[in-house]
Each structure stands twice: as C-alpha cells, then as structure tokens.
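For reference, the chains in residue letters:
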Amino acid sequence: MDHRTPAGNIAPHIPAADWQRAQATGQPVVIVINDTPAGIPWRRALIPFAIAGAVVTGGWGLVACLCLLLDAAAHTATVIAGAAGPIGIGGITLRLFRSKR
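Definitions and limits used
- Residues numbered from 1 in each chain as written.
- Predicted model: local features only at pLDDT ≥ 70, side-chain atom pairs only at ≥ 80, totals over all residues.
- Heavy atoms only, no water.
- Helix = DSSP H or I, 4+ residues; strand = E, 2+ residues; numbered from the N terminus.
- Buried < 20%, exposed > 50% of the residue type's maximum accessible area, 1.4 Å probe, protein only.
- Areas by Shrake-Rupley, 256 points an atom, 1.4 Å probe, with all protein chains shown as cover.
- Patch = residues over 30% accessible without salt bridge, like charges linked within 9 Å, V, L, I, M, F, W, Y side chains within 5 Å.
- Salt bridge = Lys/Arg side-chain N within 4 Å of Asp/Glu carboxyl O.
- Disulfide = S-S within 2.5 Å.

Draft legend 1. Local environment of the overall build of the protein. Along the protein, the regular secondary structure elements total 2 helices and 2 strands. In the protein, the order of α-helices and β-strands from amino to carboxyl end is α-α-β-β. Scored against the burial criterion, the 101 residues of the protein give a buried share of 2%. When the accessible surface of the protein is split by element, carbon and sulfur atoms take 67% of a total near 9,600 Å².

Right, dumping it as structure tokens:
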C-alpha cells in the first residue's frame, strides 16, 4: 500500500499460490467480502420498541380521558339529582340526597 491509498480501501489479498493456480487452470477467482458490521443493528431493534411505546402512551392517554369524562358525568349527575329533589313514581318516593340543614 502506498501513501496515496486511503485506509480502508485496500483490495482483498489473494494468496500467490491460489492466484497462480487460477491463472494456470483458467479457474475464476471469487472474492467474498463481508461488509456487514458485527453486532445488533440498533435502528432495526429500536423502531418496534418506539412504536410500542407510542401505542402504550396513547392507550394510557385514552384511559385518562375516559376517567376524566366519567368523573365529569358523575359530578353532573350528582348536581342535577341534588337540584331536582326527591323522585317519585307511583306513590314511591326516593330521596337521593339529604338536604344540608
């Protein structure tokens, strides 16, 4: 390698005996380069976790909104029932709330 060749761009080494045998017999020389980096491809692993995290966060948001709406509905029903007074149907009177006296 001379000084003009940047590091990392070196051609794969072919042993002299293999090269001479290929030249003598006319056999092709096959060079296999494995350029896949070793280890876990993080992008491929993190994207499903990011999607699952977004789904879980959205689900908890929906549950929180549902609880807020049900709480508001319960308070509204309480206020309306307290203002309406006793409810009577066919002689049976049901008093939902006691008066604060």
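Draft legend 2. Spatial organisation of helix 1 (residues 16-25). Taking burial as the measure, the 10 residues of helix 1 include 1 buried ones, a minor fraction of the element. Just past helix 1, the residue Gly26 takes up positive phi, approximately 80°.

Draft legend 3. A look at a nonpolar patch on the surface. Taken together, the side chains of Trp19, Val29, Ile31 and Ile33 make up a nonpolar region of the molecular surface, amounting to roughly 390 Å² of accessible area. Checked against the element boundaries, Ile31 lands in the loop between helix 1 and helix 2 (42-84). Since its relative accessible area comes to 44%, Ile31 is described here as partly exposed.

Draft legend 4. Just the state of the cysteines, in detail. Using the criterion set out here, one finds 0 disulfides in the structure. This cysteine, Cys65, is not joined by any disulfide, and Cys67 carries the nearest cysteine sulfur, 9.4 Å off. You can call Cys67 partly exposed: its relative accessible area is 48%.

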